[in-house]
Amino acid sequence: MALNGCSNAPQLGFATLKLANPHTLSVDLRYGVGKCCKWKCCCMSILAPRALTPVEDEKPDLTETESCGNGNRLPVQLNELKGLQKDINLLPRPIMANDFPSSKDGSKVRVAYQGLPGAYSEDAAFKAYPKCKTVPCDEFETTFKAVELWLADKAVLPIESSIAGSIHRNYDLLLSHRLHIVGEVKLKVNHCLLGLAGVRIEELKGIVSHPQALAQCEMMLGDLGVAKISAPDTAAAAKAVASKRIRDTGAIASSRAAKIYDLEILAEGIQDDDNDISRFLILAREPIIPAIDRPYKTSIVFSLEEGPGLLFKALGAFSLRNIDLLKIESRPLKQRPLMVVDDSNKESAKYFDYLFYIDFEASMADVRAQYALENLQEYARFIRVLGCYPIDRI
Ligand SMILES: O=C(O)C(=O)Cc1ccccc1
């Protein structure tokens, strides 16, 4: 059954749902629901052959990349990948698994994260995949490229904390890349104040850490009256204090980082709110198959057409179908173009007045969610399903 305008789509036993409006949804029995060509939902687009490659396929051997050739686990550098991406782009066909040497141990999922060993993002990777091999990367964007170039299977991305709020630039990365959210990890981070052995807290003049960690320990930092110094991640902060032997500077990081970098825990549980939950997204090249066997959530981003009351109508698409909204966030983007990549992986600068990020509590296998997105499309100038994935509980 050829789908309208999708003759290039693989014939995967599609059943067709005729809806009240002229749009025809096609249900791919293996991958969920997708709007034929006109509108692709990440977790259920009409899949190109590449997307049918099972994730468990052989993965490239990262030993060289992970050790960066000298045995130390240094972060993968973005510029290292740019060159590789150029070569890859010369390939006359989509990247296939056999473009890379097979890995020795296909069972170990390789998870890219931003930071050094001991970062909370690495803790999140181990919570999601206890036996994984973690791949430290220097920047968040490097983790995306590592997955896109098959140098890692998944990426972990810190996206928000209940105290410090969302990390907006990481949402922008979701739009400028074509990875799919396939999971979330919630962590109650237990921030520790680390210092060189024998140092007393009163001696500290400055404290270094990731901005998110500094924000989560505002009260303690205010009480100490010390300078706040930003670092790329909490583990890098710990490593800097240890390697430079800085006596008058402490680091906020995990107890695991204290062990890795041989620092003393001067104080533990220093976060302002013990119920502060940090949330990380798990990203992959392919979406997971949405199901309804357990609680799912779906993350979308959209912008609206011009017109009064459209946001009210857009949110009504969910409330009228008893779909609970777990998160809604608007981001003003006046005059600032956003790099958005489309379904053919073409990147373009798009201008939106506002972007709305919504997490709603439903699986895309649930017809209520499908109808809600269909309804939202009537008011939206742009919709992207970022992913549909099981809800993580603390
Ligand atoms: O810096 C880290 O260790 C990270 O993974 C980012 C972060 C920082 C603070 C709370 C959650 C994640």
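Since this is a predicted model, take the numbers as computed values, not measurements. (Residues numbered from 1 in each chain as written. Predicted model: local features only at pLDDT ≥ 70, side-chain atom pairs only at ≥ 80, totals over all residues. Heavy atoms only, no water.)

## Some remarks on the overall build of the protein chain
Secondary structure summary: the protein chain contains 11 helices and 20 strands in total. Counting every position in the protein chain, which comprises 394 residues, the buried fraction comes to 55%. Look at the contacts in the protein chain between residues 6 or more apart in sequence, and 74% of them connect residues 24 or more apart. Total accessible area on the protein chain stands at roughly 17600 Å², and carbon and sulfur atoms take up 55% of it. (Helix = DSSP H or I, 4+ residues; strand = E, 2+ residues; numbered from the N terminus. Buried < 20%, exposed > 50% of the residue type's maximum accessible area, 1.4 Å probe, protein only. Contact = heavy atoms within 4.5 Å. Areas by Shrake-Rupley, 256 points an atom, 1.4 Å probe, with all protein chains shown as cover.)

## A short note on the UniProt feature "domain: Prephenate dehydratase" (unreviewed entry) in the protein chain
Under the feature "domain: Prephenate dehydratase" (unreviewed entry), the UniProt entry names residues 110-285. Summarising residues 110-285: 32% helix, 32% strand, and an end-to-end C-alpha distance of 13 Å. (UniProt positions renumbered as here; feature names shortened; annotations may be inferred.)

## Considering the site of the ligand
Taken together, the residues surrounding the ligand are A119, Y120, S121, H210, Q212, A213, Q216, D233, T234, S278 and F280. At 2.7 Å from an oxygen atom of the ligand is found a side-chain nitrogen or oxygen belonging to S121. The side chain of T234 places a nitrogen or oxygen atom 2.5 Å from an oxygen atom of the ligand. If the ligand stood free it would expose 320 Å²; the protein chains cover 99% of that surface. The site holding the ligand turns out to be the largest cavity. Elements supplying a minimum of two residues to the shell around the ligand: α3 (120-128), α6 (211-216) and β14 (278-284). Considering every element that reaches the shell around the ligand, the biggest residue donor is α6, with three residues. Counted by class, the shell around the ligand contains four nonpolar, six polar and one charged residues. (Near = heavy atom within 4 Å. Polar contact = N/O pair within 3.5 Å; in protein donor to acceptor, adjacent residues only side chain to side chain. 1 Å grid on protein atoms, 1.4 Å probe; cavity = no way out; pocket = protein on both sides within 12 Å on 5 of 7 lines; lining within 4 Å. Sits in = over half its atoms within 2 Å of the grid points. Nonpolar A, V, L, I, M, F, W, Y, C, P; charged D, E, K, R; others polar.)

## Looking at the environment of Y113
You can see Y113 is positioned in strand β4 (residues 110-114). Exposure remark for Y113: the relative accessible area of 0% places this residue in the buried category.

## Section: empty space enclosed by the protein
The tally for this structure, following the rule as stated, stands at three cavities of 30 Å³ or more. Considering only enclosed or pocket space, the largest cavity measures out at about 210 Å³ in volume. Taken together, 20 residues make up the lining of the largest cavity; nearest its centre are Y120, P158, H210, Q212 and F280. When grouped by side-chain class, the residues that make up the lining of the largest cavity number nine nonpolar, eight polar and three charged. (Points joined across faces, edges and corners; volume = space filled by probe spheres on them.)

## What about helix α4 (residues 140-148)?
Counting buried residues along α4, seven of its nine residues qualify, which places the element largely inside the surrounding structure. Within α4, the full set of buried residues consists of F140, T142, T143, F144, K145, A146 and V147. W150 occupies a position one or two residues after α4 and carries a positive phi of about 65°.

## Observations concerning the packing of helix α10 (residues 310-319) against helix α11 (residues 367-376)
Interaxial distance between α10 and α11 falls to 8 Å at its minimum, and their mutual angle equals 165°. Taken together, α10 and α11 sit at an angle that is classed as roughly antiparallel. Relative to α11, the crossing made by α10 is right-handed. In this structure, α10 contributes A314, A317 and F318 to the contact, and α11 contributes A372, L373, N375 and L376. When grouped by side-chain class, the residues that make up the contact of α10 with α11 number six nonpolar, one polar and no charged. (Axes fitted to C-alpha atoms, helices over the stretch in contact; angles between N-to-C directions. Parallel < 35°, antiparallel > 145°, perpendicular 65-115°, else oblique. Left-handed = near helix turned anticlockwise from the far one by under 90°.)

## Quick notes on unusual backbone geometry
A positive phi is found at R245, a non-glycine position, where the angle reads about 50°. With respect to the element layout, R245 can be found in the loop between α8 (234-243) and β12 (249-253). For R245, a relative accessible area of 56% puts it in the exposed group. Unusually for a residue other than glycine, N322 sits at a positive phi of about 55°. Of note, N322 is situated in the loop between α10 and β16 (325-332).

## Topic: the side chain of T249
Within the secondary structure, T249 sits in strand β12. Its relative accessible area of 11% is what places T249 among the buried residues. Within the structure, T249 has its side chain in polar contact with the side chain of D248 (distance 3.1 Å). Sequence-distant contacts of T249, defined by excluding residues within four places in its chain, comprise L204, G206, I207, V208, I229 and V241.

## Some points on the nonpolar core
What tends to happen in soluble globular proteins is that the nonpolar side chains get buried as a cluster. By size, the foremost hydrophobic cluster in this structure holds 47 residues, and its most contacted members are V156, L194, I207, A238 and I252. For this core, the element with the most residues is α8, which contributes six residues. When neighbours within four sequence positions are excluded, L194 is seen to be in contact with A238, G250, A251, A253, S254, A257, A258, L263, E264, I265 and L266. A146, L281, L333 and Y389 belong to the second largest nonpolar core, which has 30 residues in total. (Core = buried A, V, L, I, M, F, W, Y, C linked by side-chain atoms within 4.5 Å.)

## What to know about the sheet that holds strand β10 (residues 206-209)
One open sheet holds the five strands; their spatial order is β11-β10-β12-β9-β13, and the pairing between them is mixed. Both outer strands of the open sheet, β11 (227-230) and β13 (264-268), are each paired with one neighbouring strand and no more. Strand-to-strand twist across the sheet, computed as the mean angle between neighbouring axes with direction ignored, equals 30°. Sheet analysis places β10 next to β12, joined by three bridges and oriented parallel. Among the inter-strand pairings, I207 is bridged to a residue of β12, identified as G250. Where α8 meets the sheet, it contacts β9 (192-195), β10 and β12, and its direction lies at approximately 150° from that of β12. (Pairing = 2+ DSSP bridges.)

## A short note on the state of the cysteines
Overall, the coordinates contain zero disulfides when judged by the stated rule. Here C217 is not disulfide-linked; the sulfur of C192 is the nearest cysteine sulfur, at 9.6 Å. (Disulfide = S-S within 2.5 Å.)

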